[in-house]
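Working through the structure, step by step
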Amino acid sequence: MKQNERLFAAFNEAIQQANSELGVADPTEQYVCECSVQECLQRVTLSADEYLEARSAPLRFFMIAAHRDPAHEQIVRETDRYVLVEKRD
């Protein structure tokens, strides 16, 4: 697992927590793609439930479908907005 994946997941957790503390009631939020591409800063739109599903396991990350690394990631869920993957290693 690459360092930037953990960093983006932590960054997204901070976004979610800040919105929760501020009482932001938007049904969807914009998060940073959690792929392994270090230069990537693309956004992924998730509902609160989708975000919680992603955080339900420590090796799960959400990303733009084209950024998935099939050699190291297995798809857990695929939508028209993102894929939720689980790291194999």
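Residues numbered from 1 in each chain as written. Predicted model: local features only at pLDDT ≥ 70, side-chain atom pairs only at ≥ 80, totals over all residues. Heavy atoms only, no water.

Let's shift gears to the overall build of the protein chain. The helix and strand tally for the protein chain stands at two helices and five strands. Helices and strands appear in the protein chain in the N-to-C order α-β-β-α-β-β-β. For the protein chain, whose C-alpha radius of gyration is 12 Å, the value lies close to the compact-globule estimate of 12 Å for 89 residues. For the C-alpha atoms alone, the extent of the protein chain along its principal axes is close to 40 × 25 × 20 Å. Taking all contacts inside the protein chain whose residues are at least 6 apart in sequence as the whole, residues at least 24 apart take part in 46%. Roughly 5300 Å² of accessible area belongs to the protein chain as shown, and the carbon and sulfur atoms make up 52% of that amount. (Helix = DSSP H or I, 4+ residues; strand = E, 2+ residues; numbered from the N terminus. Rg over C-alpha atoms; globule rule 2.2 N^0.38 Å. Contact = heavy atoms within 4.5 Å. Areas by Shrake-Rupley, 256 points an atom, 1.4 Å probe, with all protein chains shown as cover.)

So, on to the nonpolar core. Judged by nonpolar contacts, the single largest core of 16 residues is most densely connected at Cys33, Val44, Leu46, Phe62, Met63 and Tyr82. Elements represented by at least two residues in this core include exactly β2 (43-47), α2 (48-54), β3 (60-63) and β5 (83-87). (Core = buried A, V, L, I, M, F, W, Y, C linked by side-chain atoms within 4.5 Å. Buried < 20%, exposed > 50% of the residue type's maximum accessible area, 1.4 Å probe, protein only.)

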